[in-house]
Amino acid sequence: MFERLRNLLRNNTPAVTERTVSDNPVASARTLLAEGRNDAARALLEKHIATQSADADALALLGWLLFDAGQAVAARACLERALLRDPAHIEALNAMGALSSDDADPEASIGWFRAVLRHDPDNAAASYNLGQRLFFRGDYAEGFRMLGARHRLHHGRDNPLAPLPAWQGESLAGKTVFVWCDWGGLGDHLLFSRYVRRLRAGARPARLVLGARPECTRLFAGMEGVDQVSAPGVVPPADVHAPLLDLPQRLGLAQDGVPYLQGDAALVALWAQRMRAAGLGGSGRLAGLVWRTDQRSSAGAHDRSRLAKSIAPGALAPLGKPGMRFVSLQPDADADELAAMPLDLYSPGGPIDDFADTAAIITHLDLVISIDSAVAHLAAAMGKPVLLLLRHAGGMFWPRSGAASAWYPTLRILRQQSEGDWGVPVSAAAGKIHAPE
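Residues numbered from 1 in each chain as written. Predicted model: local features only at pLDDT ≥ 70, side-chain atom pairs only at ≥ 80, totals over all residues. Heavy atoms only, no water.

### Some points on the overall build of the protein
1) Next: Counting its regular elements, the protein contains 21 helices and ten strands.
2) Next: Evaluated residue by residue, the protein yields a buried proportion of 50% over its 437 residues.
3) Next: For the protein, the share of sequence-separated contacts (at least 6 apart) that also reach a separation of at least 24 residues comes to 67%.
4) Next: Accessible surface, the protein as shown: approximately 18500 Å² in total, 52% of it carbon and sulfur. (Helix = DSSP H or I, 4+ residues; strand = E, 2+ residues; numbered from the N terminus. Buried < 20%, exposed > 50% of the residue type's maximum accessible area, 1.4 Å probe, protein only. Contact = heavy atoms within 4.5 Å. Areas by Shrake-Rupley, 256 points an atom, 1.4 Å probe, with all protein chains shown as cover.)

Put into structure tokens, the structure is as follows:
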């Protein structure tokens, strides 16, 4: 989320002209930021504020830079100074909302983003950010309405879909609809792909093309209601388009049945052979395991909240008991990491980049134990029992309390009691998987 907020705050800043760059240190700092020269921008702002301590624009931008660098206390101090000078400063209010967006309680950030909208009702960044925080408290109806602001942020005049009208809920009889995964990560795409089936049944298009990332192409090709899957950036011939995350608002939030995703029969048979050859079969239980985020897509300091989901291999030792074997569903695990795992763990070999293969493997498991990851969504969408190990700050589509999920009936949430302490959820998972049946 930090990366999304970082980009949105940047997109919400005033335009910089050649004249203002030479006359205005704040504008010059924005230019340096656009060039990726964050340290130089910070130095320029600090020098300026040393003599112009009442410049709310400079204080707000420096506060954002400090937040981006992970210095939350210093960032808050700068932003509070900016708001003391200008209580309606849009960038400072937006940045305060971003600063509060990793709290387990979403109310503070919701308050900051609502404050932005009181002063600037058309502020797309605040609407977008507010929508995400409303998800954290389970207010999906307003959350999806606010999330519509993403179209104003991400898709401008160069939008390749601009010639195509957006679907507004009308009958699509005789028409082709292009549904595209326009927002979020792979887990979000897996979660909301359930609405494709409902769109097909309700609007009855003659043809439905689903745009998806390569990891989902083969999996989605076998989904009920899908005629074709197109690659990212490819806009197929169609009569209307429908962003995937617009479908819940158009079709209603009622939960469709699970499963709505499944493994391909040929791949399921292939993985059955491979797993038998590896000695996985017979007595005992078999659990899939995901213990950290995919580091191949790490954005460094801007991805602090995502990286905080990860669990060190040693912390998983309580899961290891006689009769329990594990299969690594970790997409980028290397040999050293696998060797350090204190569990009887089988690795399928090589990176698992394709969810069609992952789904085929999951078909043969008794359950999946996972951090908040796309694999957890996939397994739950297949109707497989899932134990979700959730960080204290929570997740956008998981309830703030309780073990049940409204989205997935077979998923159970085991959450941290304090940030960074995985002892309680791992012990709870160990108790559940080893409890007498």
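Having seen it, we continue.
### Here's the deal with the side chain of Ser 109
1) Next: Position of Ser 109 among the secondary structure elements: in helix α8 (residues 107-119).
2) Next: At 2.9 Å, the side chain of Ser 109 and the backbone oxygen of Pro 106 are in polar contact.
3) Next: Contacts of Ser 109, omitting those with residues within four sequence positions, involve Gly 97, Ser 100, Ser 101 and Arg 133. (Polar contact = N/O pair within 3.5 Å; in protein donor to acceptor, adjacent residues only side chain to side chain.)

### Re the environment of Gly 225
1) Next: Along the chain, Gly 225 falls in the loop between α14 (217-221) and β3 (228-230).
2) Next: The spacing of Gly 225 and Pro 205 is 20 residues in sequence and 9.6 Å in space, taken between C-alpha atoms.
3) Next: Filtering out sequence-adjacent residues up to four positions away, Gly 225 remains in contact with Arg 200 and Leu 208.

### Remarks on the sheet that holds strand β6 (residues 324-328)
1) Next: Taken together, six strands build an open sheet; the order of strands is β7-β6-β5-β8-β9-β10 and the sheet is parallel. Bordering the open sheet on either side are β7 (345-346) and β10 (411-415), each of which pairs with just one other strand.
2) Next: In this sheet, β7 lies alongside β6 in parallel orientation, the contact comprising two bridges. By the bridge assignment for β7, Val 327 is matched with Tyr 346.
3) Next: This element, helix α20 (residues 374-381), spans β5 (285-290), β8 (367-371), β9 (386-390) and β10 of the sheet and lies at about 155° to β9. (Pairing = 2+ DSSP bridges. Axes fitted to C-alpha atoms, helices over the stretch in contact; angles between N-to-C directions.)

### Structural notes on the packing of aromatic side chains
1) Next: Summed over all chains, the structure comprises eleven aromatic pairs.
2) Next: Between Phe 135 and Tyr 140, the ring centres sit 5.8 Å apart and the planes meet at 35°, which makes this aromatic pair tilted. In this structure, Phe 135 and Tyr 140 share a single accessibility class: buried.
3) Next: Here Phe 192 and Tyr 195 contribute two aromatic rings whose centre-to-centre distance is 6.1 Å and whose plane-to-plane angle is 20°, an arrangement assigned as stacked.
4) Next: A relative accessible area of 0% means that Phe 192 is categorised as buried.
5) Next: Cluster of aromatic residues (ring-pair linked, three or more members): Phe 135, Tyr 140, Phe 144, Phe 192, Tyr 195, Phe 397 and Trp 407.
6) Next: For the cation-ring pair, Arg 133 lies above Phe 136, with the distance from its terminal atom to the ring centre recorded as 4.3 Å.
7) Next: The residue whose ring lies beneath Arg 274 is Trp 271, and the NZ or CZ to ring-centre distance is 4.7 Å. (Phe/Tyr/Trp six-rings, centres within 6.5 Å; stacked < 30°, edge-to-face > 60°. Lys NZ or Arg CZ within 6 Å of the ring centre and 35° of its normal.)

### Describing the pattern of salt bridges
1) Next: Enumeration according to the criterion identifies 21 salt bridges in this entry.
2) Next: In this structure, Asp 246 and Arg 150 form a salt bridge, with 2.8 Å as the shortest nitrogen-oxygen distance. Here Asp 246 is found in the loop between β4 (240-243) and α15 (247-251), whereas its partner Arg 150 is found in helix α11 (residues 150-154), with 96 residues between them in sequence. With respect to class, Asp 246 is no different from Arg 150; both count as buried. (Salt bridge = Lys/Arg side-chain N within 4 Å of Asp/Glu carboxyl O.)

### Structural notes on the packing of helix α19 (residues 355-363) against α20
1) Next: Between α19 and α20, the least distance of the axes is 10 Å, while the angle of their chain directions is 55°. One element, α19, and the other, α20, form an angle in the oblique class. Remark: the crossing between α19 and α20 carries right-handed chirality. Here Phe 355, Thr 358, Ala 359 and Ile 362 of α19 come into contact with α20, specifically with Ala 374, Val 375, Leu 378 and Ala 379. (Parallel < 35°, antiparallel > 145°, perpendicular 65-115°, else oblique. Left-handed = near helix turned anticlockwise from the far one by under 90°.)

### A closer look at helix α21 (residues 423-434)
1) Next: Taking 1.5 Å per residue, twelve residues should reach 16 Å; α21 reaches 16 Å between its end C-alpha atoms and fits that length.
2) Next: Buried within α21 we find Pro 425, Val 426, Ala 429, Ala 430 and Ile 433. Around the axis of α21, the buried residues are gathered within 140° of arc, so they sit on the same side.
3) Next: Those residues of α21 that are buried lie in contact with β5, β6, β8, β9 and β10. (Expected span 1.5 Å × (residues − 1). Arc of directions from axis to C-beta.)

### Comments concerning the confidence of the model for the protein
1) Next: Confidence in the prediction of the protein, expressed as mean pLDDT, is 88, and 89% of residues score 70 or more.
2) Next: Below pLDDT 50 for its whole length, residues 1-22 participates in 56 contacts with residues either more than four positions away or in separate chains.
3) Next: A low-confidence stretch, residues 298-302 stays under pLDDT 50, and its non-local contacts, those more than four residues away or across chains, total eleven contacts. (pLDDT = per-residue confidence, 0-100.)

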